[in-house]
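Chains, contacts and geometry: an overview
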Amino acid sequence: MDQSSARQKVEAIPTTVPTRNLAKQTAVRPWAHLVAGASGGFATAILTSPLDVLRTRLQSDFYQLPSRSLHGTHPPLAPTRLLGVPLRHVRETFQIINSIHYTEGWRGFFRGLGPSLSGVVPATAIKFYVYGNCKRLGARVLNCKEDAAVVHAQAAIAAGIATATATNPIWLIKTRLQLDASRAESAGATTRRYKNSLDCVRQVLKQEGVGGLYRGLSASYLGTLETALHLVLYERFKLLYTRSLEGSSVQNDTARGLINWVSTSGAAGSAKLAAVLIAYPHEVVRTRLRQAPIENGVLKYTGLVQCFRSIWQQEGPLALYGGLTPHMMRSVPSAMITLGVYEFVLSLAGS
């Protein structure tokens, strides 16, 4: 009796432990992805707002046309000129910082924060709700494991399309407000085109119709490739970091939790860095389409391909990387904050 009881206990061990771990993995409810994404987006929007303003203004042509018009056509880039590109981006960034502080004060660095919060929070909530649940559904439909690259890719593309479609009007209003620098001067004072977010919506609907709220949507759809690349690389890097920690001798739960969070943030940052460097030009094109500048009484940019071609011919290929420095300074820590908070909230929901 004693031997049979001991044998039963030994045989019960391997089945009990994996069952508990499996329950811990599948205990996350679908709504948890919504809450976790919204939490990450809220923290990111507030902490990175100044860098978002810098990025948007450097991507637009509002601050670049006067200087670039002096150079006329753009000759082919020489190797020595390419070496100075990073320094040029840094110099332009600090020039915009001084300009904003001098003309608008420090509040100018948080211009568009309201639309940004109202956009980032639902955008990240929708993005990770669709992504988290499409991974589970995609694994069933494709008969693959959830950690398969194809599962991550299809979930990321679905999340990107859903997010872009639902939140494009919010991002358009945010972009217009951030670019609403002084348009005219009278009696030494500057006047702005839009009084606030509601006034911006009213003017867009009146002058451009409902379709005006969806300018840049085609470029946003193109940007789903960056989203897919980022999330696929993130899942790969996170898996590598997790496996490297399996042999860690750290026994303290708090210490291991901190190490896991740092590894998650590192995977998010490195994946975002690679994705941005590959797919950045679509960001500039999307900003130009949302900006909707008027030239000789007509829209300067009428579509995705025409916008690409126009920027390349009139301003040179370097213009497609305008604002890269503040964008990198914002997007990499943003990805670390968003995914770090997202994974943390998910772990709380599944605990």
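What this report covers is the structure whose coordinates are included nearby. (Residues numbered from 1 in each chain as written. Predicted model: local features only at pLDDT ≥ 70, side-chain atom pairs only at ≥ 80, totals over all residues. Heavy atoms only, no water.)

Some thoughts on the overall build of the chain
The number of helices and strands found in the chain is 15 helices and 4 strands. Looking at the chain alone, contacts between residues at least 24 apart form 79% of all its contacts between residues at least 6 apart. By element, 64% of the accessible surface of the chain is carried by carbon and sulfur atoms, the whole surface being about 18,700 Å². (Helix = DSSP H or I, 4+ residues; strand = E, 2+ residues; numbered from the N terminus. Contact = heavy atoms within 4.5 Å. Areas by Shrake-Rupley, 256 points an atom, 1.4 Å probe, with all protein chains shown as cover.)

Concerning helix α13 (residues 281-291)
Where burial is concerned, most of α13 is hidden: 11 out of the 11 residues are buried. All of the buried residues in α13 are Pro-281, His-282, Glu-283, Val-284, Val-285, Arg-286, Thr-287, Arg-288, Leu-289, Arg-290 and Gln-291. Two residues or fewer past α13, Ala-292 is found with a positive phi of approximately 50°. (Buried < 20%, exposed > 50% of the residue type's maximum accessible area, 1.4 Å probe, protein only.)

Looking at the packing of aromatic side chains
All chains considered together, the criterion is met by 2 aromatic pairs. Here Tyr-280 and Tyr-321 contribute two aromatic rings whose centre-to-centre distance is 6.0 Å and whose plane-to-plane angle is 20°, an arrangement assigned as stacked. A residue pair is termed long-range when its members are at least 10 positions apart, and Tyr-280 in the loop between α12 (253-279) and α13 and Tyr-321 in the loop between α14 (304-315) and α15 (324-350) qualify at 41 residues. Under the relative-accessibility criterion, Tyr-321 is labelled partly exposed at 30%. (Phe/Tyr/Trp six-rings, centres within 6.5 Å; stacked < 30°, edge-to-face > 60°.)

A short note on the side chain of His-230
With respect to the secondary-structure elements, His-230 resides in helix α11 (residues 224-245). Discounting residues that sit within four places of it in the chain, His-230 has contacts with Ala-268, Ala-271, Lys-272, Ala-275, Ala-335 and Leu-339.

Structural notes on the environment of Gly-266
Its location among the elements puts Gly-266 in helix α12. For Gly-266, a relative accessible area of 27% corresponds to the partly exposed category. Put simply, Gly-266 and Tyr-234 are 32 residues apart on the chain and 9.1 Å apart in space, counted from C-alpha to C-alpha.

A look at unusual backbone geometry
The phi angle at Asn-143 is positive, at roughly 55°, despite the residue not being glycine. By relative accessible area, Asn-143 is classed as exposed at 71%. With a phi angle near 55°, Asn-296 is a residue other than glycine that sits in the positive phi range.

What to know about the nonpolar core
With 20 residues, the main nonpolar core has Tyr-131, Tyr-234, Leu-339 and Tyr-342 as its most contacted residues. Elements that contribute at least two residues to this core include exactly α2 (30-47), α7 (113-142), α8 (149-178), α11, α12 and α15. With 5 residues, the single largest contributor to this core is α15. Excluding anything up to four places from it in sequence, Tyr-131 contacts His-152, Ala-155, Ala-156, Ala-159, Leu-231 and Glu-235. Tyr-280, Ile-311, Met-328 and Val-332 belong to the second largest nonpolar core, which has 14 residues in total. (Core = buried A, V, L, I, M, F, W, Y, C linked by side-chain atoms within 4.5 Å.)

Thoughts on helix α9 (residues 197-208)
Counted at 1.5 Å a residue, the expected span for α9 with its 12 residues is 16 Å, and the 16 Å between its end C-alpha atoms agrees. Elements in contact with the buried residues of α9: α8. If you check the start of α9, you find a side-chain oxygen 3.2 Å away from the backbone N of Leu-198, and it comes from Asn-196. Of the residues one or two after α9, Gly-209 is the one with positive phi, at around 80°. (Expected span 1.5 Å × (residues − 1). Polar contact = N/O pair within 3.5 Å; in protein donor to acceptor, adjacent residues only side chain to side chain.)

Description of the side chain of Thr-48
Within the secondary structure, Thr-48 is located in the loop between α2 and α3 (49-59). A distance of 2.6 Å separates the side chain of Thr-48 from the backbone oxygen of Thr-44, its partner in a polar contact. Excluding anything up to four places from it in sequence, Thr-48 contacts Arg-330 and Ser-334.

A few points about empty space enclosed by the protein
Summed over all chains, the structure comprises 3 cavities of 30 Å³ or more. Of the volumes computed, that of the largest cavity is approximately 830 Å³. Among the elements that make up the lining of the largest cavity, the one with the highest residue count is α8 (8 residues). Along the lines of polarity and charge, the residues of the lining of the largest cavity split into 8 nonpolar, 20 polar and 10 charged. (1 Å grid on protein atoms, 1.4 Å probe; cavity = no way out; pocket = protein on both sides within 12 Å on 5 of 7 lines; lining within 4 Å. Points joined across faces, edges and corners; volume = space filled by probe spheres on them. Nonpolar A, V, L, I, M, F, W, Y, C, P; charged D, E, K, R; others polar.)

Concerning the packing of α8 against α13
Packing of α8 against α13 leaves a shortest axis separation of 9 Å and a crossing angle of 80°. Classified by the angle between their axes, α8 and α13 sit roughly perpendicular to one another. Contacts from Asn-168, Trp-171, Leu-172, Thr-175 and Arg-176 of α8 reach α13 at Thr-287, Arg-290 and Gln-291. Tallied by class, residues from the contact of α8 with α13 come to 2 nonpolar, 4 polar and 2 charged. (Axes fitted to C-alpha atoms, helices over the stretch in contact; angles between N-to-C directions. Parallel < 35°, antiparallel > 145°, perpendicular 65-115°, else oblique.)

Overview of the packing of α2 against α7
Running from amino to carboxyl end, α2 crosses α7 at an angle of 145°, the nearest separation of the two axes being 7 Å. For the pair α2 and α7, the sense of crossing is right-handed. For the contact of α2 with α7, a count of residues per class yields 15 nonpolar, 7 polar and 1 charged. (Left-handed = near helix turned anticlockwise from the far one by under 90°.)

Topic: the pattern of salt bridges
In total, this model carries 9 salt bridges according to the counting rule given. Between Lys-135 and Glu-235 there is a salt bridge, with the nearest N and O atoms lying 3.1 Å from each other. One end of the pair, Lys-135, is in helix α7; the other, Glu-235, is in helix α11, with 100 residues separating them in the sequence. Each member of the pair Lys-135 and Glu-235 is classed as buried. Across the pair Glu-283 and Arg-286 runs a salt bridge, and its minimum N-O distance is 2.7 Å. Of this pair, Glu-283 and Arg-286 both sit in helix α13, separated by 3 residues, roughly a single helical turn. Arg-286 matches Glu-283 in its accessibility class, with the two residues each being buried. (Salt bridge = Lys/Arg side-chain N within 4 Å of Asp/Glu carboxyl O.)

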